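# Structural overview
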Amino acid sequence: MTQSLLSRRKLLMGLGVGSAAALAGCSSSGSSRARIIGLTAFDGRPSRASADSRYREMYGAMVDGGHRIPAIDLSRVDPIYYRQEVDDPTGEAPGTVVVDTARKFAYVVQPGGRAMRYGVGVGREGFGWAGRAKIQWKRKWPTWTPPAEMIARKPELAQYADGMEPGIANPLGARALYLFQGGRDTLYRLHGSPEYWTIGTAGSSGCIRFMNQDIIDLYDRVPSGAPVVVRQSGIV
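Just so you know, these numbers come straight off a predicted model, no measurement behind them.

## Here we look at the packing of aromatic side chains
Here the structure, examined in full by the defined rule, presents nine aromatic pairs. Between Tyr55 and Tyr82, the aromatic rings sit 4.9 Å apart at their centres with planes inclined by 50 degrees, giving tilted as the arrangement. With Tyr55 in helix H4 (residues 53-58) and Tyr82 in the loop between strand S2 (67-69) and strand S3 (84-87), this residue pair connects regions lying 27 residues apart in the sequence. Tyr55 sits in the buried class, given a relative accessible area of 10%. Taking the relative accessible area as the measure of exposure, Tyr82 reaches 1% and is therefore buried. Here the aromatic rings of Trp137 and Phe180 are separated by 5.0 Å at their centres, their planes lie at 55 degrees, and the arrangement is tilted. A residue pair is termed long-range when its members are at least 10 positions apart, and Trp137 in strand S8 (residues 131-140) and Phe180 in strand S9 (residues 175-181) qualify at 43 residues. Among the residues examined, Phe180 registers a relative accessible area of 10% and is labelled buried. We note Arg83 situated over the ring of Tyr59; from NZ or CZ to the ring centre the distance is 5.6 Å. Here the guanidinium or amino end of Arg117 rests over the ring plane of Phe105, the centre of that ring lying 4.1 Å away.

Structure (structure tokens):
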């Protein structure tokens, strides 16, 4: 186990946070339900890409598992972070998921030197993790459980002490992929987020968040057991 993983685990266990409860670290907000509307838009000018019918369809409203996922307001997401197929810059084997935390991209390596690229949000400084892991299991519409120390800071979260029901306001979004290393839970997840305007930023407690439409696409592309590489230094 890497030193960073040991330090992360020691911190969480010292707080009395079990691996299931540690999912709260994947939230960019202690109260996403209250933050869904009216925050932090993309600062740049709207581009022609945001008007492209391909992207409007890709990020349109959808119903999944009985939950309605709203359309992404593309003017609030930098077009560089829209899902797209690119030349593979990672050098990893096909089927590998690679996260470039420096540039806020995730890749699924494909045959023939190509990769599917997604924009992501990553952990703020001090909450990063890097290394090789695998997707131990995957969940559709997972629950989210804030740990006791978060509830102590934000008593309004006590209503979720037994888990926040799945849904569009849930901080884990439509899908969660659970990363293990050497048979141990790293406590990090690849997951959806209702706060799509945070894609391309570093503001969570460490997990890698995607737009819900993108995490569904990723979930369908990679099986349990797929290798994952998280790089903090960036990909040239």
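## Considerations on the nonpolar core
Counting residues in each nonpolar core, the largest one holds 29 residues, and the members touching the most others are Leu177, Leu179, Leu190, Phe210, Leu218 and Val222. Take this core: its biggest share by element is four residues, from helix H6 (residues 212-221). Ignoring anything within four residues of it in the chain, the contact list for Leu179 reads Trp129, Ala133, Lys134, Ile135, Arg184, Asp185, Thr186, Leu187, Tyr188, Arg189, Leu190 and Val228. Within the second largest apolar cluster, 19 residues are counted, among which are Tyr82, Val98, Tyr107 and Val229.

## Points about the pattern of salt bridges
Taken as a whole, this structure holds eleven salt bridges when the rule is applied. Asp52 is paired through a salt bridge with Arg54; the nearest N and O atoms lie 2.9 Å apart. Under the relative-accessibility criterion, Arg54 is labelled exposed at 53%. A salt bridge links Arg221 to Asp217; the nearest nitrogen and oxygen atoms lie 2.6 Å apart. Of the two residues, Arg221 and Asp217 both sit in helix H6, four residues apart, roughly one turn of that helix.

## Side note on the sheet that holds strand S10 (residues 184-193)
Spatially, nine strands are ordered S3-S6-S5-S4-S13-S8-S9-S10-S12 in an open sheet, and the strand pairing comes out mixed. One side of each edge strand has no neighbouring strand; the edge strands of this open sheet are S3 and strand S12 (208-211). Each adjacent strand pair in this sheet contributes to an overall mean axis angle of 30 degrees, direction not counted. Examined bridge by bridge, S3 and strand S6 (residues 114-119) share four bridges and lie antiparallel to one another. Across the sheet, Glu85 pairs through a bridge with Met116, a residue of S6. Set on the sheet, H6 makes contact with strand S4 (97-100), strand S5 (105-110), S6, S8, S9, S10 and S12; between it and S12 the angle comes to about 105 degrees.

What counts and what doesn't
- Residues numbered from 1 in each chain as written.
- Predicted model: local features only at pLDDT ≥ 70, side-chain atom pairs only at ≥ 80, totals over all residues.
- Heavy atoms only, no water.
- Phe/Tyr/Trp six-rings, centres within 6.5 Å; stacked < 30°, edge-to-face > 60°.
- Helix = DSSP H or I, 4+ residues; strand = E, 2+ residues; numbered from the N terminus.
- Buried < 20%, exposed > 50% of the residue type's maximum accessible area, 1.4 Å probe, protein only.
- Lys NZ or Arg CZ within 6 Å of the ring centre and 35° of its normal.
- Core = buried A, V, L, I, M, F, W, Y, C linked by side-chain atoms within 4.5 Å.
- Contact = heavy atoms within 4.5 Å.
- Salt bridge = Lys/Arg side-chain N within 4 Å of Asp/Glu carboxyl O.
- Pairing = 2+ DSSP bridges.
- Axes fitted to C-alpha atoms, helices over the stretch in contact; angles between N-to-C directions.

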